[in-house]
Amino acid sequence: MKLLFLASLTPWTGNRTTARRISEYIESSGHVCILEDIGDFTSSSEAADFISEKQFDAVLIIHLYKGGRLLLDSDVPYGVIFGGTDINEDIKDAKKHEVMGIILQRARFLVSFTEQLKKTAEVHWPFAGSKIHIQPQGVVTKPCAKFNWREFLQNSGIHFESIEPYIFLLVCGLRRVKDPLYLVDAFSAWHKKEPCSNLIIIGPEVDPVFAQQVKAKVKGAHGVYLVSEKPQEELHAAMRASFAVVNSSISEGMSSTILEAMDLKVPVLARNIPGNRAVVKHEHTGLLYLHPQEFVELSKRLISETGLKESIVTKAKEYVAKHHSRNTEKETYLELTANLL
């Protein structure tokens, strides 16, 4: 089978990581899987012509709307992986809702990372329930062995002599749905009182206009630093060396960064939203906060209560090993893509 895999392939983002991992599974079974960025197509007719010209037998997409709208003029069999913002956000737009409904009807199968995303989709499209398979994301971490943490901090703008800093790492593409500025004011105020606490925001400029707003805000903040994206192995090494990994998103399908932090035995402080609650159990596998001040309070607890930190990272590691196995994920996608033949 020759399969086209359409996804957002912006470098160093969760979608790209997920798409590359799943494509490897498909190719390992003897199929040909070609990854293409959904941003490279301007219309469904252009996508249909590409599919016909390259003689693809089937298509797999991540994101029901962004990927799905490109298949409106194509008649090849396809499967859909929910992205998160499609079900949590795009569903509120009437025109996008209509397009997604059409795509759902024709899809051979649908994959949801969480039970909550599946339930939300079923509320809007009850007929789709039998097609939706729940498959949590698999997690793989490969920290770079030669990573120099002290050099990384100095290059980020953090210089210290005697006191070892507490580094909180917010990993995200600079776009509004990730809300990287949500904690900046609260963190800046905290840093003024406790200079050893620092926040590093690291990730690609997905939305160039918004990225400029982030740069301007961070420039005037205290103890908050902005770092450009790093190769995944370096990023994993930086995560492992950090005191904690932070999530501030408005919406998530299933955060690969959270899962990676858990696998690396780094505590997670995540915004209390449905996608994060699906993987983070408060005070068990991580900490959930409702507002910036609660984030600061929980961070202080994490610093002062070493037993809490050790308990969280141990349980989180056990959780990802049990529920986010790469082998289980591979088996699921090989079974599902076989239905596209």
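Up top is the structure these notes are about.
Let me begin by describing the structure that accompanies this report. Numbering of residues starts from 1 in every chain and runs along the sequence as written. Selection of residues for local features in this predicted model requires a pLDDT of at least 70, selection of side-chain atom pairs for listing and counting requires 80 or more, and totals for whole chains, interfaces and linings are taken over all residues. Each side-chain value is worked out from all heavy atoms of the structure, with water and hydrogens disregarded.

**Comments concerning the overall build of the chain**
Starting at the N terminus, helices and strands are each numbered in turn, a helix being any DSSP run of H or I of at least four residues and a strand any DSSP run of E of at least two. Along its length, the chain carries 14 helices and 12 strands. The atom set for the radius of gyration is the C-alpha atoms, and the globule formula is 2.2 Å times the number of residues raised to the power 0.38. Against the compact-globule benchmark of 20 Å for 341 residues, the chain has a radius of gyration of 21 Å, which places it among compact chains. By principal-axis analysis of the C-alpha atoms, the chain measures approximately 65 × 40 × 40 Å. In the chain, buried positions account for 54% of the 341 residues. A 1.4 Å probe and the Shrake-Rupley method give the accessible areas. Residues count as covered only by the protein chains that appear here. A total of about 15000 Å² of accessible surface is found on the chain, and carbon and sulfur atoms cover 48% of it. Neither His nor the chain ends contribute to the count of charged residues, in which Lys and Arg are positive and Asp and Glu negative. By convention, charge coordinates are those of NZ in Lys, CZ in Arg, CG in Asp, or CD in Glu. In the chain, 40 side chains carry a positive charge and 41 a negative one; their mean positions are 3 Å apart. For every residue, the accessible area (1.4 Å probe, protein chains only) is compared with the maximum for its type, and the residue is labelled buried under 20%, exposed over 50%, or partly exposed between those bounds.

**Digging into the pairing of strand E10 (residues 244-247)**
Every second residue of E10 is oriented toward a common face, with Ala244 and Val246 on one face and Val245 and Asn247 on the other, all of them buried. Criterion used throughout: strands pair if DSSP finds at least two bridges between them. As defined by bridge partners, strand E7 (residues 166-171) adjoins E10 across three bridges and the pair is classed as parallel. Its bridge partner lying in E10, Phe168 is registered against Ala244. Pairing of E10 with strand E11 (residues 268-271) involves three bridges; the strand directions are parallel. When the bridges of E11 are listed, Val246 appears paired with Leu269.

**Concerning the packing of aromatic side chains**
Two rings from Phe, Tyr or Trp (for Trp, the six-membered ring) form a pair when their centres sit within 6.5 Å of each other. Planes less than 30 degrees apart are called stacked, planes more than 60 degrees apart edge-to-face, and all others tilted. On inspection of all chains with the given rule, the structure shows 14 aromatic pairs. Ring centres of Phe41 and Phe50 lie 5.3 Å apart, and the angle between their planes is 65 degrees; on these two criteria the pair is classed as edge-to-face. Residues Phe41 and Phe50 agree in their burial class; the two are buried. With a centroid separation of 6.4 Å and an interplanar angle of 45 degrees, the aromatic rings of Phe147 and Trp149 are classed as tilted. In textbook terms, an aromatic cluster arises when at least three aromatic residues are bridged by ring pairs, as seen for Tyr166, Phe168, Tyr182, Phe187, Trp190, Phe243, Tyr289 and Phe295. A ring has a charge above it when a Lys NZ or an Arg CZ is no more than 6 Å from the ring centre and no more than 35 degrees off the ring normal. Directly above the aromatic system of Phe56 lies the positively charged group of Lys2, at a separation of 5.0 Å from the ring centroid.

**A short note on the sheet that holds strand E12 (residues 287-289)**
Taken in spatial order, the six strands make up an open sheet running E9-E8-E7-E10-E11-E12, and their pairing is parallel. Edge positions in the open sheet fall to strand E9 (224-227) and E12, since each of these has one partner strand only. Taking the axes of each pair of neighbouring strands and ignoring which way they run, one obtains an average angle of 25 degrees across the sheet. Looking at chain direction, E7 and strand E8 (residues 197-202) are connected through six bridges and run parallel. Across the sheet, Leu170 pairs through a bridge with Ile201, a residue of E8. Should any heavy atoms of two residues lie within 4.5 Å, those residues are considered in contact. Structural elements are reduced to axes, namely lines fitted to C-alpha atoms, with helices fitted over the stretch in contact, and the angle between N-to-C directions of any two is expressed from 0 to 180 degrees. Strands E7, E8 and E9 of the sheet are contacted by helix H6 (residues 149-156), whose axis makes an angle of about 85 degrees with E8.

**Considering the nonpolar core**
Generally speaking, nonpolar side chains in soluble globular proteins are found buried as a group. In this text, buried Ala, Val, Leu, Ile, Met, Phe, Trp, Tyr and Cys residues form a nonpolar core when linked through side-chain atoms within 4.5 Å. Ranked by size, the top nonpolar core spans 52 residues in total, and within it Leu3, Phe5, Ile81, Ile200 and Met262 carry the most contacts. Setting aside its immediate chain neighbours within four residues, Phe5 contacts Ala19, Ile22, Ser23, Cys33, Ile34, Leu35, Glu36, Leu60, Ile61, Ile62 and Ile81. Within the second largest apolar cluster, 31 residues are counted, among which are Leu6, Phe41, Val99 and Ile103.

**Points about unusual backbone geometry**
Phi is positive for Lys265, which is not a glycine, with a value near 60 degrees. In this model, Glu283 sits at a positive phi of 65 degrees, which is unusual for a non-glycine residue. Assessed through its relative accessible area of 35%, Glu283 is described here as partly exposed.

**Quick word on the side chain of Glu260**
Turning to its location among the elements, Glu260 is positioned in helix H10 (residues 256-263). No salt bridge is formed by the buried Glu260; its nearest oppositely charged neighbour, Arg21, is found at 6.1 Å. Each polar contact in these results corresponds to two N or O atoms within 3.5 Å; when the atoms are within protein, one needs to be able to donate a hydrogen and the other to accept it, and residues that are neighboring in sequence are counted only if both atoms are side-chain atoms. Here His236 takes part through its side chain, which lies 3.2 Å from a polar atom of the side chain of Glu260. Excluding anything up to four places from it in sequence, Glu260 contacts Thr17, Val139, Val140, Thr141, Gln232, His236 and Met239. Salt bridge criterion: a side-chain nitrogen from Lys or Arg within 4 Å of a carboxyl oxygen from Asp or Glu.

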